[in-house]
Amino acid sequence: MTAPSSLPELKASEVSDDTRIGAGFISRVELRFLAVFVPAMFAVLVALTACFEWYVYQNASDALRHRLTAISSNLSIVMAEALAENDHRQTKLLLASVIADEAVSSMRIWGMNGEIVDSFGDFDSEPEEWRATQRVNFVDNSGFRQVGQVDIAFTDRHLIDRAFQRLGFAAISVGIMLLAAVVIVHVSYSRSVGQPISELRRAVRETDGRSRGRVEWRSDDEIGELVTAYNDLQEREENSLRLLQETQRDLERRVSERTRDLEFATGEAILASRAKTEFLAAMSHEFRTPLNAIMGFGDLLAEDGTKMPDKRRQEYVREIVRSGDILLTLVSKLFDFSRLESGTLDVSPAPMDPSVEVQSVLVAERLRAAAQSISIDYQTRLPGGQVILADADRFRQIVANLLANAIKYNRPNGRVFVTLDNPLEGWCRLTVRDTGQGIPPDMRDRIFNPFDRLGREAGAIDGVGVGLTLARRLTESMGGRISFTSTSGEGSTFWIEFPLLGAEKTKSSAA
Ligand code: ADP
């Protein structure tokens, strides 16, 4: 199982244009903002200036109308004498002085006979509202009389020109102000928004399955909060990812453990099934051989027992007893093994003298050995009165099994050496050495497996394959240990060891 440890990486090419905020000299967000802000501000400021200029123009034109009225009436006064005396030079001078005013667009001076004395501009083409006509009256000795007329027209063009000039100037000023505003907005935007956003963009692009990018930015505004929230999110993501990876590793470990257990259990089950099949086949052979012998010799005795010679009869009876003995051993071993497996095999340890028990086993086993022309040498180097804590029956059973094997798997005329000593301080050891074929090295680790006879099932030597299993479990259940060495072709040496209780205990327990 592979951990999906890598999250999809955001490649630079996958970063959409919208995420390229802050890229280039001026960012798109900034551009969008300025594209709305600058024209709107420009239009508002220019419109305000235009309104103001309109107001100024209105006032100025009102004042100009008042001036028109005042100038025309003043003119009628100052012109009176010049017109009455037909002093053209004087009227010309007066006209020149009046038209010097930029507000005056045209002027006509009429004489007393209705003729035009002097004029400037085209009076008739001027708008009505800007025209004024004033009679010129003169008072002398002959009385009050009209000596002429003055037409004067004003224009507001200079007011309008000035208003437009100021408006133009205002528009340029507003433009310069807005340009300055754009620069200021750009600088402050880049510092407070553009930079953190491009840091965020870099962190997002650096984020992959292994590491999650962080943004180094501190500010006490919304951008600062956004960056903090982003960093928190990255940390939470990292923790979750770590947890996920740990869980995956744990799961993988568990799955491989379970798989191993399952494989082991399957292997065990296969082995157990094979062992069961082999066991049944071996058992049928092991049971049949002595049973056939009992039945066969029994039949012979039943038919001809009275007629046959005593020697042969005795021989038949011995065979029946021997086969019965084999059957009994077989059945007892099987029962013991099944009780051991179910945990109901009785083991009651008590202080006991091992040399006494070994000798009692030797008495019986020597007969069996003699039947196969095998000699048993016994030696004890254990100081007298030494005791161990063990169940005497089970101890004898273990020793008997080791001796029986040493005899069974020995060569004809072979030898068995039994030694009781304490080579290790505080431990008693019983060694059983034989001169048989030994155990092949590749089979040594199977020797304590139940029902495994190391391929001897087909041979003539009887056995069930549980003797050593029983010996090991019994020894260990009484606090002892069992082991062996073997040399192919030369023989095997099995030994058991039990802690010594010491001579004192014997006395106290005997007492
Ligand atoms: P059994 O003797 O009934 O087959 P054991 O559990 O006592 O069962 O022994 C298991 C196997 O170990 C034997 O079948 C035999 O192949 C091998 N074995 C035991 N003791 C000896 C020995 N002293 N020499 C050679 N092989 C032995």
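Reading the values: the criteria
Residues numbered from 1 in each chain as written. Predicted model: local features only at pLDDT ≥ 70, side-chain atom pairs only at ≥ 80, totals over all residues. Heavy atoms only, no water. Helix = DSSP H or I, 4+ residues; strand = E, 2+ residues; numbered from the N terminus. Rg over C-alpha atoms; globule rule 2.2 N^0.38 Å. Buried < 20%, exposed > 50% of the residue type's maximum accessible area, 1.4 Å probe, protein only. Contact = heavy atoms within 4.5 Å. Lys, Arg positive; Asp, Glu negative; His and termini not counted. Charge placed at Lys NZ, Arg CZ, Asp CG, Glu CD. Pairing = 2+ DSSP bridges. Axes fitted to C-alpha atoms, helices over the stretch in contact; angles between N-to-C directions. Near = heavy atom within 4 Å. Areas by Shrake-Rupley, 256 points an atom, 1.4 Å probe, with all protein chains shown as cover. Nonpolar A, V, L, I, M, F, W, Y, C, P; charged D, E, K, R; others polar. Core = buried A, V, L, I, M, F, W, Y, C linked by side-chain atoms within 4.5 Å. Parallel < 35°, antiparallel > 145°, perpendicular 65-115°, else oblique. 1 Å grid on protein atoms, 1.4 Å probe; cavity = no way out; pocket = protein on both sides within 12 Å on 5 of 7 lines; lining within 4 Å. Points joined across faces, edges and corners; volume = space filled by probe spheres on them. Phe/Tyr/Trp six-rings, centres within 6.5 Å; stacked < 30°, edge-to-face > 60°. Lys NZ or Arg CZ within 6 Å of the ring centre and 35° of its normal. Salt bridge = Lys/Arg side-chain N within 4 Å of Asp/Glu carboxyl O.

Give a description of the overall build of the chain that names residues and reports values.
Of regular secondary structure, the chain possesses nine helices and 11 strands. Here the C-alpha atoms of the chain give a radius of gyration of 67 Å, more than 25% beyond the 24 Å that 2.2 N^0.38 yields for 511 residues. In terms of principal-axis extent, the alpha carbons of the chain reach across some 215 × 55 × 40 Å. Per-residue burial for the chain yields a buried fraction of 34% across its 511 residues. When contacts within the chain are restricted to residue pairs at least 6 apart in sequence, those whose partners lie at least 24 apart make up 69%. Across the chain, 60 positive and 72 negative side-chain charges occur, with their mean positions spaced 12 Å apart.

How would you explain the sheet that holds strand S1 (residues 104-110) if you had to name every residue and give the values?
Pairing is antiparallel across the open sheet formed by four strands, whose spatial order is S2-S1-S4-S3. Each edge of the open sheet carries a strand with a single partner, namely strand S2 (116-120) and strand S3 (131-140). The mean inter-strand angle of the sheet, taken between neighbouring strand axes irrespective of direction, is 15 degrees. Across the sheet, helix H1 (residues 28-84) lies against S1, S2, S3 and strand S4 (143-154), angled at about 140 degrees from S4, the strand it touches most.

How would you sum up the site of the ligand? Please name residues and give values.
Close to the ligand lie 20 residues; Asn 405, Tyr 409, Arg 453, Val 464 and Leu 468 are nearest. In isolation the ligand offers 520 Å² of accessible surface; the protein chains occlude 100% of this area. Every element with two or more residues in the shell around the ligand is listed here: helix H7 (392-408), helix H8 (467-477) and strand S11 (491-499). A per-element tally of the shell around the ligand places H7 first, with three residues. Looking at the shell around the ligand residue by residue, the class counts come to eight nonpolar, seven polar and five charged.

A description of the nonpolar core should follow, citing residues and the corresponding values.
Counting residues in hydrophobic clusters, the biggest one holds 48 residues, and the most contacted among them are Leu 403, Val 416 and Ile 496. It is H7 that contributes the most residues to this core, seven residues altogether. Those residues in contact with Leu 403 that lie beyond four places of it in its chain are Val 361, Leu 362, Glu 365, Ile 376, Val 416, Val 418 and Val 432. The next biggest cluster of nonpolar side chains, apart from the first, holds 25 residues, and it includes Tyr 57, Leu 83, Ala 84 and Leu 94.

I'd love a proper account of the packing of H1 against helix H2 (residues 88-99), names of residues and values included.
At a minimum axis separation of 9 Å, H1 and H2 run at an interaxial angle of 160 degrees. Relative to H2, the element H1 lies roughly antiparallel. Counted together, Leu 75, Val 78, Met 79, Ala 82 and Leu 83 of H1 and Gln 90, Thr 91, Leu 94, Leu 95 and Val 98 of H2 form the full contact between these two elements. In the contact of H1 with H2, the residues fall into eight nonpolar, two polar and no charged.

Talk me through the layout of surface pockets; I want residue IDs and the actual numbers.
In this structure, the largest pocket encloses a volume near 1,200 Å³. When contributions to the lining of the largest pocket are tallied by element, the ones reaching two or more residues are helix H4 (222-304), helix H5 (310-342), helix H6 (354-371), H7 and H8. In terms of residue count, H5 provides more of the lining of the largest pocket than any other element does, 11 residues in total. Of the residues that constitute the lining of the largest pocket, the class distribution is 18 nonpolar, 12 polar and 12 charged.

Any chance you could break down unusual backbone geometry for me, citing the residues and the numbers?
In this model, Ser 373 sits at a positive phi of 55 degrees, which is unusual for a non-glycine residue. By the secondary structure assignment, Ser 373 is in the loop between H6 and strand S6 (375-380). Here Asn 413, not a glycine, exhibits a phi torsion of approximately 60 degrees, which is positive. Looking at the element boundaries, Asn 413 is found in the loop between H7 and strand S8 (415-421).

An account of the packing of aromatic side chains is needed here, citing residue identities and associated values.
Taken as a whole and assessed by the stated rule, the structure comprises seven aromatic pairs. Judged by centre distance (4.9 Å) and plane angle (45 degrees), the ring pair of Phe 297 and Tyr 316 falls under tilted. Of this pair, Phe 297 sits in helix H4 while Tyr 316 is found in helix H5, placing the two residues 19 residues apart along the sequence. It is Arg 472 that lies over the ring of Phe 448; its NZ or CZ is 4.6 Å from the centre. Positioned above the aromatic ring of Trp 427, the side-chain terminus of Arg 481 is 3.7 Å from the ring centre.

Run through the side chain of Asp 156, naming residues and quoting values.
Looking at where Asp 156 falls in the secondary structure, it is placed in the loop between S4 and helix H3 (157-206). Buried and without a salt bridge, Asp 156 has Arg 157 as its closest oppositely charged side chain, separated by 5.9 Å. Setting aside anything within four residues of it in sequence, one finds Asp 156 in contact with Tyr 57, Leu 64 and Trp 130.

How would you sum up the side chain of Glu 53? Please name residues and give values.
Examined against the element boundaries, Glu 53 turns out to sit in helix H1. Contact partners of Glu 53, with chain neighbours within four places excluded, come to Ala 163, Arg 166 and Leu 167.

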